[in-house]
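Fold and contact review
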Amino acid sequence: MVCTGNICRSPMAEAILRAALAGTPSEGLVVVDSAGTHRYHVGEDADPRALQALGEAGYPVAHRARQFDPRWFPERDLVLAMDSGHERDLRALARRTGHPGTDIRAIRRFDPEGPGDVPDPYYDTITQFREVRSMLERCMPGLIAHLDGLTAAR
């Protein structure tokens, strides 16, 4: 899961996917993590509003922001971008670092109401963080089905 600073959207997506994997064929087979395209918040916890929105829905979070490292490409079967800018940046980084075949997708490809970007709630209110949470939750059934297909093929 990748967003800009790794304190809002991507840690929310990480926590929601971890919870969604419970009881699925992929549980225990899929490793979920998150990072940012930029170093802005490296070492920080998730945004307090992200933590609040997740906590309200019962999602546990243990997080420290980090920047995406291109050396991770070979270790990742799927990299999910929160918006088209992140997807474009990740694809360019993958090409520059010799990993053009990495499966990089926008997470909203799995949203029945998508595609599109997950809006950045950073400059907004808790209401926008709740909307982002709901949007990410909508992505989970399609994403889990995709992941179950990947793990079954192994």
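Presented here is a report on the structure given in the accompanying data block. (Residues numbered from 1 in each chain as written. Predicted model: local features only at pLDDT ≥ 70, side-chain atom pairs only at ≥ 80, totals over all residues. Heavy atoms only, no water.)

Before going further, it helps to spend a moment on the environment of Ala94. Structurally, Ala94 can be placed in helix α3 (residues 84-96). On the basis of relative accessibility, which here comes to 1%, the residue Ala94 falls in the buried class. With 23 residues separating them in the primary sequence, Ala94 and Arg71 have C-alpha atoms 9.5 Å apart. Setting aside its immediate chain neighbours within four residues, Ala94 contacts Phe73, His99, Pro100 and Ile104. (Helix = DSSP H or I, 4+ residues; strand = E, 2+ residues; numbered from the N terminus. Buried < 20%, exposed > 50% of the residue type's maximum accessible area, 1.4 Å probe, protein only. Contact = heavy atoms within 4.5 Å.)

The subject of this paragraph is the packing of aromatic side chains. Throughout the structure, instances matching the rule amount to three aromatic pairs. Between Phe68 and Trp72 the ring centres are 5.2 Å apart and the planes differ by 80°, which places this aromatic pair in the edge-to-face class. Comparing Phe68 with Trp72 shows no difference in burial state: the two are buried. Ring geometry for Phe68 against Phe73: centres 4.9 Å apart, planes inclined by 50°, an arrangement best described as tilted. The exposure class assigned to Phe68 is buried, which follows from its relative accessible area of 9%. By way of ring pairs, the aromatic residues Phe68, Trp72 and Phe73 are connected into one cluster. (Phe/Tyr/Trp six-rings, centres within 6.5 Å; stacked < 30°, edge-to-face > 60°.)

Working definition: two side chains of opposite charge can pair if their charged atoms are close together. One pass over the structure, following the stated rule, counts 16 salt bridges. The network of salt bridges with common partners includes Asp33, Arg66, Glu75 and Arg76. (Salt bridge = Lys/Arg side-chain N within 4 Å of Asp/Glu carboxyl O.)

So, about the nonpolar core. Counting 32 residues, the largest nonpolar core has Met1, Met12, Leu17, Met82, Ile107, Leu136 and Leu143 as the members making the most contacts within it. Of all the elements in the fold, those that place two or more residues in this core are α1 (9-20), α2 (48-56) and α4 (126-152). Leaving out residues up to four positions away in the same chain, Met1 has contacts with Ser10, Ala13, Glu14, Leu17, Asp33, Ser34, Ala35, Leu80, Met82, Ile107 and Leu143. Listed in part, the 11 residues of the second largest apolar core include Ala35, Phe68, Leu90 and Ile104. (Core = buried A, V, L, I, M, F, W, Y, C linked by side-chain atoms within 4.5 Å.)

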